[in-house]
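Structural features, examined
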Amino acid sequence: MAKIIIAGSLNMDLAVRAERIPASGETILGGELLESPGGKGANQACAAAKLGSSAAMLGCVGEDDFGRAMRKNLSEAGCDVSRIGVRAGSSGVALICVSARGENAIVVASGANMKFLPEDIHANLECFDGATALLLQLESPMETVIAAAKAARARGVVVILDPAPAPYSGIPSELLQLVDILTPNESEAAILTRTSPEKMTPDRVTALAANLCDLGPSNVILKLGARGCFLYGDDTSVFIPSPKVDAVDTTAAGDVFNGALAVGLSEGKALPDACWFASQAAALSVTKRGAQNSVPSRAELDRFILRLT
Ligand code: RIB
């Protein structure tokens, strides 16, 4: 029985480094192509498993080499991949440009991720029994995300939603009411609250988090990149700084954060302590290239944490 269930996307990432992210209509030359397993769901699953928790992934890949490679990689990370469906057609693919400053821009061809349906949740309901946390993102059909959140809520499993990519049309209230912890980054928070992505002053951070909590979730963790994160919720309002590192690639840092957050909670850490643990894992991940390639093992994270304390 897995402690952490991840319902969501698997993509093969095709990433290229360039001096900067190209502007609209522009062509630029970049460096070598890096092909590596990604997808927000699978990255979170990889992080949960590599950081030492039992994890099971629900999602779909295509009947192709990318699908086989993604399942293999996740399985080697220690995640239960037996419930990942294989559907006719292509797997999800993400085209990623990473700038010299480590920032990225991503476009996803969803492929099999859009064939992950509520029936796939209903066929796997027993895996929610006894789990601690469900990790969700928004690269799958909304009805499937809602079905998974309902299954978790009915069994007392903590529902953690990464609202990425953030839909400009908003997130259905039905889903937000089922969420225990919402984890947007700054741009996602601005989209969801329909506000402009202005400079994040402490007052603005608090106001954004409070606005998001008003939409339904019990807690909001606003991910502020290299600065850290702000936890706002039921009984807490606290800023947790991130350790300083030399970032080479921020792809999947938010996913590593969520995977580690679920691990922290499943180990019995209080929410602020789980956020601190997740910040350390995310910071370490940005020192390596790629998505699942950059997920640290528990031993690497423990060494990193010891160096800091
Ligand atoms: O969050 C990073 C991920 O977003 C990448 O791995 C890519 O596949 C997209 O889903």
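Let us look at the structure shown here. Because the structure is predicted, anything quoted here is derived from the model rather than measured.

As a further point, take the packing of helix H1 (residues 40-50) against helix H8 (residues 253-266). Running from N to C, H1 and H8 point in directions that differ by 45°, and their axes come no closer than 7 Å. By the angle class used here, H1 and H8 are oblique. The hand of the H1/H8 crossing is right-handed. Residues Lys40, Asn43, Gln44, Ala47 and Ala48 of H1 lie in contact with H8, whose contacting residues are Asp255, Val256, Asn258, Gly259 and Val263. For the contact of H1 with H8, a count of residues per class yields 4 nonpolar, 4 polar and 2 charged.

The terminal C-alpha atoms of helix H7 (residues 202-214), which comprises 13 residues, lie 18 Å apart, in line with the 18 Å expected from a rise of 1.5 Å per residue. Taken together, the buried positions of H7 are occupied by Arg204, Val205, Leu208, Ala209, Ala210, Leu212 and Cys213. The secondary structure elements touched by the buried residues of H7 are strand E10 (181-182), helix H6 (186-192), strand E11 (219-223) and strand E12 (228-233). Of the residues trailing H7, Gly216 is marked for its positive phi of about 145°.

The local shell around the ligand consists of Asn11, Asp13, Gly38, Gly39, Lys40, Asn43, Ala94, Ile106, Glu139, Ala252, Asp255 and Ala291. Asn43 has a polar side-chain atom sitting 3.0 Å from an oxygen atom of the ligand. Within the contact set of the ligand, an oxygen atom lies 2.7 Å away from a side-chain nitrogen or oxygen of Asp255. Alone, the ligand offers 280 Å² of accessible surface; in the complex the protein occludes 96% of this. Within the residue set of the shell around the ligand, elements represented by two or more residues are strand E2 (11-17) and H1. Taken together, the residues that form the shell around the ligand break down as 4 nonpolar, 4 polar and 4 charged.

As defined by bridge partners, strand E6 (residues 92-98) adjoins strand E7 (residues 104-109) across 6 bridges and the pair is classed as antiparallel. Bridging from a neighbouring strand, Val98 pairs with Asn104 of E7. Adjacent in sequence and paired antiparallel, E6 and E7 are bridged by 5 residues, among which Gly102 carries a positive phi angle near 90°.

Tracing the backbone shows Glu139 in the loop between strand E8 (133-136) and helix H4 (142-154). The buried charged residue Glu139 lacks any salt bridge partner; its closest oppositely charged side chain belongs to Lys40, at an N-O distance of 4.4 Å. In terms of polar contacts, Glu139 uses its side chain to reach the side chain of Ser9, at 2.5 Å.

On to the packing of aromatic side chains. One pass over the structure, following the stated rule, counts 1 aromatic pair. Geometrically, the ring pair formed by Phe230 and Tyr232 is tilted, given 6.3 Å between the ring centres and 35° between the ring planes. By relative accessible area, which is 23% here, Tyr232 ends up partly exposed. When the ring centre of Phe277 is taken as reference, the NZ or CZ atom of Lys269 above it lies at 4.8 Å.

On to the side chain of Ser266. In this structure, Ser266 sits in helix H8. Contact partners of Ser266, with chain neighbours within four places excluded, come to Lys3, Ile4, Ser53 and Thr132.

Met57, Leu74, Ile221 and Leu261 are the most contacted members of the largest nonpolar core, which totals 47 residues. The element contributing the most residues to this core is helix H9 (residues 271-285), with 8 residues. In this structure Leu261 touches Ile160, Ile181, Thr183, Ile221, Leu271, Ala274, Cys275 and Ala278, once residues within four positions along its chain are discounted. Ranked by size, the runner-up nonpolar core spans 45 residues in total, among them Leu58, Leu192, Leu208 and Val220.

Before going further, it helps to examine H1. Side chains that are three or four residues apart share a direction in an α-helix, a result of its 3.6 residues per turn. In terms of burial, H1 is largely enclosed, as 9 of its 11 residues are buried. For H1, every residue scored as buried is listed here: Gly41, Ala42, Asn43, Gln44, Ala45, Cys46, Ala47, Ala48 and Ala49. Turning to H1, the residues buried within the fold contact strand E1 (4-7), strand E3 (33-38), strand E4 (55-62), helix H2 (65-76), E8 and H8.

The rules behind the values
- Residues numbered from 1 in each chain as written.
- Predicted model: local features only at pLDDT ≥ 70, side-chain atom pairs only at ≥ 80, totals over all residues.
- Heavy atoms only, no water.
- Axes fitted to C-alpha atoms, helices over the stretch in contact; angles between N-to-C directions.
- Helix = DSSP H or I, 4+ residues; strand = E, 2+ residues; numbered from the N terminus.
- Parallel < 35°, antiparallel > 145°, perpendicular 65-115°, else oblique.
- Left-handed = near helix turned anticlockwise from the far one by under 90°.
- Contact = heavy atoms within 4.5 Å.
- Nonpolar A, V, L, I, M, F, W, Y, C, P; charged D, E, K, R; others polar.
- Expected span 1.5 Å × (residues − 1).
- Buried < 20%, exposed > 50% of the residue type's maximum accessible area, 1.4 Å probe, protein only.
- Near = heavy atom within 4 Å.
- Polar contact = N/O pair within 3.5 Å; in protein donor to acceptor, adjacent residues only side chain to side chain.
- Areas by Shrake-Rupley, 256 points an atom, 1.4 Å probe, with all protein chains shown as cover.
- Pairing = 2+ DSSP bridges.
- Lys, Arg positive; Asp, Glu negative; His and termini not counted.
- Salt bridge = Lys/Arg side-chain N within 4 Å of Asp/Glu carboxyl O.
- Phe/Tyr/Trp six-rings, centres within 6.5 Å; stacked < 30°, edge-to-face > 60°.
- Lys NZ or Arg CZ within 6 Å of the ring centre and 35° of its normal.
- Core = buried A, V, L, I, M, F, W, Y, C linked by side-chain atoms within 4.5 Å.

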